[in-house]
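# Structural characterization, general
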Amino acid sequence: MNSILQHDLNNFENILEKAKQQGIDFLKNLENIPTSNKNTIDPKRSLNELGLGSVQALKEFNERLSPLLVSSPGPRYWGFVTGGSTPASIVGDWLASVYDQNTQSVTSQGGNSALIEFETINLLLQLLELPDSFLGGFVTGATMSNFTTLGVARQWFGKQFGKDFAKNGISETINVLTATPHSSSVKSLSMLGIGSQNYTVVKTIEGNREALDLADLEEKIKGLNGKPFILISSAGTVNTADFDDFEAILKLKEKYNFWWHIDGAFGGFAAVSEKYKHFVKGWEGADSITIDCHKWLNVPYESAFYLIKKEHINLQIETFQNSNAPYLGNPLENFNYLNVVPENSRRLRALPVWFSLVAYGKEGFCDIIEKSTSLALHFGNKLIENRYFELLAPIRLNNVCFTLKGNENQDKVNVFLTKLNDTGKVFMTPTFYENKKGIRASFVNWRTTEDDISIVIEEMKTILDDLDL
Ligand SMILES: Cc1ncc(COP(=O)(O)O)c(C=O)c1O
């Protein structure tokens, strides 16, 4: 063994102790770490012939690289839909690295970490009050979950014509209907060879809604003259957290032949609260569902799961099986995650979620969800009180979509947001909604409080003064 590696091996405990302390310092100081910065490096560092060892590498990381990083898990990072990380989720995440399993099968790979994944999916089904007619697994994010589920939908579509698209390629035009798909579903259509432009846009309900207009949906279905199709529906659109009417879609399932997918990346967690679960009523009838854990479940990044009805397991295996690996045996008898998802090698991604669910239970997550929604309303009310802002949509759940009031101020929206984000006190995302430039603030972080909102409102007022509207 090389001397540096040997030294690190002898020094393991001290190294991990230093990393732990570094983590504690970061997390303790989260509120004071800026949500944005303009620090930079020349990323062309030359590789050492002789390594520095972990302790020196950590020192260099602190000096050169850590200044590039922002308070993304902090309470005022409201951009995208970004959760933080709870203590339990960090324990799970760290231990997933330490144990470094390749989570594939239940019996044949030397260990049984897949059982931890099964148990975690089962806990999630209980949290979301979904039946165990779904099988699920972990992937990196909702984009990958949409890709996985729509990949199986593509195989289902082929089978309606007696064709095996996974084996022979796509040889039929695939009909996809959707109203307000997240860009990641469109990206998935592109990656799946369906084509990012090859979907039919269903109208949304009139009156500032992003949900499917059911009359138009049925009209478009009839236009297909009995041909099968894939429906991509939404449990929480990213701009305004709007939900399609799942009970109505469930009824359509009795009349028409389609694969029903729900993207509930963050909105699926509405199911956890008595107040909001009506939004997802009927969703158990879907063929597949996408949900992100690195959003409202507040686990570190690269954590999402797919749910696909058990009855579709053969289609899923046809889509993803490693047919050139005979040592796997019969993929149905010897269940192996690498035959049902895009990745072969997989870390024990379920562990942070397992720790979170066991540590905080249903009540803990109900608390996070309901607190986030009441903070979104509180922020919305503060905006309305100020004559320079207007909401672009009602606040249904946790996302606040707003802009500067008045068409004459439209060209100042981006300047306003840039100045606001540059304060480092808060981070929000630009958007475009109802033909207007807007700003989106998403409340998902378990640490956010009303004090954070007061801090942000003060910053916003200062920038308004500077802009001289
Ligand atoms: C509704 C919806 N679907 C999919 C995604 C993509 O998620 P990810 O970035 O985890 O791939 C997002 C992200 O915001 C989302 O809000």
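About the criteria used
In this convention, every chain numbers its residues from 1, walking through the sequence in written order. With pLDDT at 70 or above as the cut-off, local features in this predicted model cover only qualifying residues; side-chain atom pairs require 80 or more to be listed or tallied, and sums for whole chains, interfaces and linings still use all residues. Computation of side-chain values: all heavy atoms of the structure, hydrogens and water removed. Two strands are said to pair when DSSP picks up at least two bridges between them. Helix numbering and strand numbering both begin at the N terminus, where a helix is a DSSP run of H or I of at least 4 residues and a strand a DSSP run of E of at least 2. Note on geometry: axes are C-alpha line fits, over the in-contact stretch for helices, and angles between N-to-C directions span 0 to 180 degrees. Throughout, a residue-residue contact means that at least one pair of heavy atoms, one from each residue, lies within 4.5 Å. By nonpolar core we mean a set of buried residues, namely Ala, Val, Leu, Ile, Met, Phe, Trp, Tyr and Cys, connected to one another through side-chain atoms within 4.5 Å. Relative accessibility thresholds used throughout: buried, under 20% of the residue-type maximum; exposed, over 50%; partly exposed, between the two (1.4 Å probe, protein chains only). Those domain boundaries reflect an automatic or database domain assignment. UniProt positions are given in the numbering used here, feature names are shortened, and annotations may be inferred rather than shown by experiment. Think of a polar contact as two N or O atoms within 3.5 Å of one another; within protein, one of them needs to be a possible hydrogen donor and the other a possible acceptor, and neighboring residues in sequence only count if both atoms come from side chains.

### Some points on the sheet that holds strand β10 (residues 429-433)
Ordered by their spatial adjacency, four strands build an open sheet running β8-β9-β11-β10, and the pairing between neighbours is antiparallel. Where the open sheet ends on each side, the last strands, each with one partner, are β8 (389-391) and β10. Shown here is a sheet whose adjacent strand axes are inclined to one another by a mean of 40°, direction ignored. As defined by bridge partners, β8 adjoins strand β9 (residues 399-404) across three bridges and the pair is classed as antiparallel.

### Let's talk about the sheet that holds strand β6 (residues 288-292)
Taken together, the seven strands give an open sheet; going across it, the order is β1-β7-β6-β5-β4-β2-β3, and neighbouring strands pair in mixed fashion. Edge positions in the sheet fall to β1 (134-139) and β3 (200-201), since each has one partner strand and no second. Strand contacts of helix α10 (residues 246-255): β4 (229-234) and β5 (258-263), with the helix running at about 165° to β5, the strand carrying the most contacts.

### What to know about the nonpolar core
Formed by 54 residues in total, the largest nonpolar core has its most connected members in W283 and L297. Two domains each provide a minimum of three residues to this core, namely domain 2 (89-356) and domain 3 (362-467).

### What to know about the UniProt feature "modified residue: N6-(pyridoxal phosphate)lysine" (unreviewed entry) in the protein chain
The sites that carry the UniProt feature "modified residue: N6-(pyridoxal phosphate)lysine" (unreviewed entry) are, in the present numbering, K295. Residue placement: K295 occurs in the loop between β6 and β7 (304-309). Here K295 falls in the buried class, since its relative accessible area comes to 15%. Non-local contacts of K295, meaning those with residues more than four positions away in its chain, are made with V81, G83, A265, F266 and V444. Separated by 2.5 Å, the side chains of K295 and D292 make a polar contact.

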